[in-house]
Amino acid sequence: MAKRYSIIAVTINESGALLKLPSVTTILNPWSDFSQIRPEVLELAADRGELVHSLLARHLLGLEIFPGEITPEVMGHFNSGRRWADKYLLRTVLVERELVDEDWNYIGHPDLIGELRGDQGVLSLWDWRGATYQITHAVQLGGYYGLARKAGYDVRRVGPLYLRKDGKVPNVSKHEPTSPREQDSAVLRCALTVWWRFNP
């Protein structure tokens, strides 16, 4: 699902210097291709994705969702994520929180880190997705994996959840493994090096 974040966070390091920190999605933007999607359709998808992410985050955190917030446009995607969480998620550890790697100087916002039923003691990182597969997805998850590990979360499983418009339990991609993402995390750091070269 599309979602929006500020593309760059600004922070002050220990020596008092001002740093700009690009997000995982900003780093990968040059390799994300939405050219086959009309701009107005892409904008609607981003709006829908932002609302679905907000609703799922509140559901996972046990916060109130008010009547009328689950519009017909997002109901299926929301129900898909909710059904997955209610069926498989044992414990929520982190939802949509900004993580920072001050060594590599980048940020990211994983959708969910949690513990699955039948997988006690093993942390998993999951990312809500719409129907459109992008070649950058695996590397994006690798970036979140690196951030989670840096923040002290012993994540052992990482994967995308492709939310379904019909509200059924989402698909886990057959093309993307749910194993740890060391290689994808390394590719993200390479892309970050390129990003810094052209954005000093």
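Here is a short report on the structure shown in this document. Because the structure is a prediction, the values reported are computed rather than measured.

1. Here's the deal with the overall build of the chain
When helices and strands are tallied, the chain shows five helices and nine strands. Traced from its N-terminal end to its C-terminal end, the chain shows the element sequence β-β-α-α-α-β-β-β-β-β-α-β-β-α. Long-range pairs, those at least 24 residues apart, make up 64% of the contacts in the chain between residues at least 6 apart in sequence. As presented, the chain carries roughly 10,700 Å² of accessible surface, and 55% of it is formed by carbon and sulfur atoms.

2. Some remarks on helix α4 (residues 137-150)
Here α4 spans 20 Å end to end across 14 residues, near enough to the 20 Å set by a 1.5 Å rise per residue. Within α4 the residues assigned to the buried category are His137, Ala138, Val139, Gln140, Leu141, Gly142, Gly143, Tyr144, Tyr145, Gly146, Leu147 and Ala148. Just beyond α4, the residue with positive phi is Gly152, at close to 95 degrees.

3. A few points about helix α2 (residues 39-61)
When the terminal C-alpha atoms of α2 are compared, their 33 Å separation across 23 residues agrees well with the 33 Å that a helix rising 1.5 Å per residue should span. By the burial criterion, the buried members of α2 are Ala45, Ala46, Gly49, Val52, His53, Leu55, Leu56, Ala57, Arg58 and Leu60. Just beyond α2, the residue with positive phi is Gly62, at close to 75 degrees.

4. As for the pairing of strand β7 (residues 123-129)
Among the seven residues in β7, seven count as buried, and that is most of the element. In this sheet, β7 lies alongside strand β6 (residues 112-116) in antiparallel orientation, the contact comprising four bridges. Residue pairing in the sheet places Gly114 in a bridge with Ser124 of β7. In this antiparallel pair of consecutive strands, β6 and β7, the connection spans six residues, and Gly118 shows a positive phi of 80 degrees. As paired strands, β7 and strand β8 (residues 155-162) are joined by seven bridges and run parallel to one another. Residue pairing for β8: Trp126 is matched across the bridge by Gly159.

5. Quick word on the sheet that holds strand β3 (residues 89-95)
A sheet is described by the order of its strands in space; here five strands give the open sequence β3-β6-β7-β8-β9, paired in mixed fashion. The two strands at the open ends of the sheet, each matched to only one other strand, are β3 and β9 (171-172). Across two bridges, the pairing between β8 and β9 is antiparallel. Looking across to β9, one finds that Leu161 is bridged to Val172. Across the sheet, helix α3 (residues 72-88) is in contact with β3, β6, β7 and β8; its angle to β3 comes to roughly 120 degrees. Helix-sheet contacts for α4 involve β6, β7 and β8, and the interaxial angle to β7 is about 140 degrees.

Criteria and cut-off values
Residues numbered from 1 in each chain as written. Predicted model: local features only at pLDDT ≥ 70, side-chain atom pairs only at ≥ 80, totals over all residues. Heavy atoms only, no water. Helix = DSSP H or I, 4+ residues; strand = E, 2+ residues; numbered from the N terminus. Contact = heavy atoms within 4.5 Å. Areas by Shrake-Rupley, 256 points an atom, 1.4 Å probe, with all protein chains shown as cover. Expected span 1.5 Å × (residues − 1). Buried < 20%, exposed > 50% of the residue type's maximum accessible area, 1.4 Å probe, protein only. Pairing = 2+ DSSP bridges. Axes fitted to C-alpha atoms, helices over the stretch in contact; angles between N-to-C directions.

As far as function goes, none of this settles anything; it's purely spatial.
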